[in-house]
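# Observations on the three-dimensional arrangement
Spelled out from the first residue to the last, the chains are:
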Amino acid sequence: MTPWFVWNGSVPSGVEPPPTIAEVKMPRLTLYITSKNYSSWSMRPWLVMRHFGIVFEERMMPLDAQGKVPGIMRISGTVKVPCLIAQKPDGDLTLWESLAILEYLAELFGDLPLWPNRAADRARARVIANEMHAGFNALRQECPMNLRRPTVPLTVRDNVIDDVRRVVEIWRECLARSGGPFLFGEFGIADAMFAPVYSRIISYRLSSDPVVGQFGTALSALPAWQEWAAAAMRETVVNDMMER
């Protein structure tokens, strides 16, 4: 079928024209998060949205003594954050999982380089983002994110050391291939997925590898990182489950 736009501006009967620029409205985005000191999953989409200038409303939900976010129950059945609500004329979209939120944002703002430009790099970035999302359980459980924690060493089990070794290996390979300063040259989703891991490595002094410093120097120089970290330092709630 011949596309609609070859008819000198006239639209054939039965053919729906595409919306005009004025008719296309971006959804209103609301991101539900919890403690900036403790919530590593909240940090990931927040960093991306703030860094790339994506307009959104932030809703801070209290974290209870069990590390749960009961206030999110009416919004997300998982009772977890982050949760992104995209309000649209044809109905709201609720996304309650970090990587799904980031993928949605990459599609919604296709002109922004949330993923690398080259197909091979995008594939690698998605591989390591998913590896981060699905793995490193020992590191997560034994060393919760805690930006306010004094940077003193923590004795950890061998499987935590193995997790850290694998993280450093990923960073070394990516930085060597891209030339830095971020994993694929410029900051993107892959870097955001590993941002809380950098904070863990520093807080618990889990590695002295120069690659950690190289990645961390670039990450901590971001205004979005600095804004998040400053807010974390201002928090006063202490969750005993997250303290080591």
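In case you missed it, the structure is sitting above this.
Every value quoted in this text rests on a predicted model; they were computed, and no experiment measured them.

The subject of this paragraph is the environment of Pro-223. Structurally, Pro-223 can be placed in helix α8 (residues 223-234). Note on Pro-223: relative accessible area 60%, which makes it exposed. Along the sequence, Pro-223 and Leu-99 sit 124 residues apart, while their C-alpha atoms lie 22 Å from each other.

Once that is clear, we can look at the environment of Gly-180. If you trace the backbone, Gly-180 turns up in the loop between α5 (158-178) and α6 (189-203). For Gly-180, a relative accessible area of 15% corresponds to the buried category. Along the chain, Gly-180 and Phe-215 lie 35 residues apart, while their C-alpha atoms are 8.1 Å from each other. Those residues in contact with Gly-180 that lie beyond four places of it in its chain are Leu-175 and Gly-185.

Another point: the nonpolar core. Ranked by internal contacts, the top residues of the largest apolar core, which has 68 residues, are Leu-29, Trp-171 and Phe-194. Among the elements that take part in this core, α6 stands out by supplying 9 residues, more than any other. Leaving out residues up to four positions away in the same chain, Phe-194 has contacts with Ile-128, Met-132, Val-167, Ile-170, Trp-171, Leu-183 and Phe-215. Listed in part, the 8 residues of the second largest apolar core include Tyr-32, Met-61, Cys-83 and Ile-85.

In contact at an axis separation of 9 Å, helix α1 (residues 40-51) and α6 are set at 140° when each is read in the N-to-C sense. When the interaxial angle is binned, α1 and α6 end up oblique. Between α1 and α6 the crossing geometry is right-handed. Between α1 and α6, the residues in contact are Ser-40, Trp-41, Met-43, Arg-44, Leu-47 and Val-48 and Ile-189, Ala-192, Met-193, Ala-195, Pro-196, Val-197 and Arg-200, respectively.

Cut-off values and rules
Residues numbered from 1 in each chain as written. Predicted model: local features only at pLDDT ≥ 70, side-chain atom pairs only at ≥ 80, totals over all residues. Heavy atoms only, no water. Helix = DSSP H or I, 4+ residues; strand = E, 2+ residues; numbered from the N terminus. Buried < 20%, exposed > 50% of the residue type's maximum accessible area, 1.4 Å probe, protein only. Contact = heavy atoms within 4.5 Å. Core = buried A, V, L, I, M, F, W, Y, C linked by side-chain atoms within 4.5 Å. Axes fitted to C-alpha atoms, helices over the stretch in contact; angles between N-to-C directions. Parallel < 35°, antiparallel > 145°, perpendicular 65-115°, else oblique. Left-handed = near helix turned anticlockwise from the far one by under 90°.

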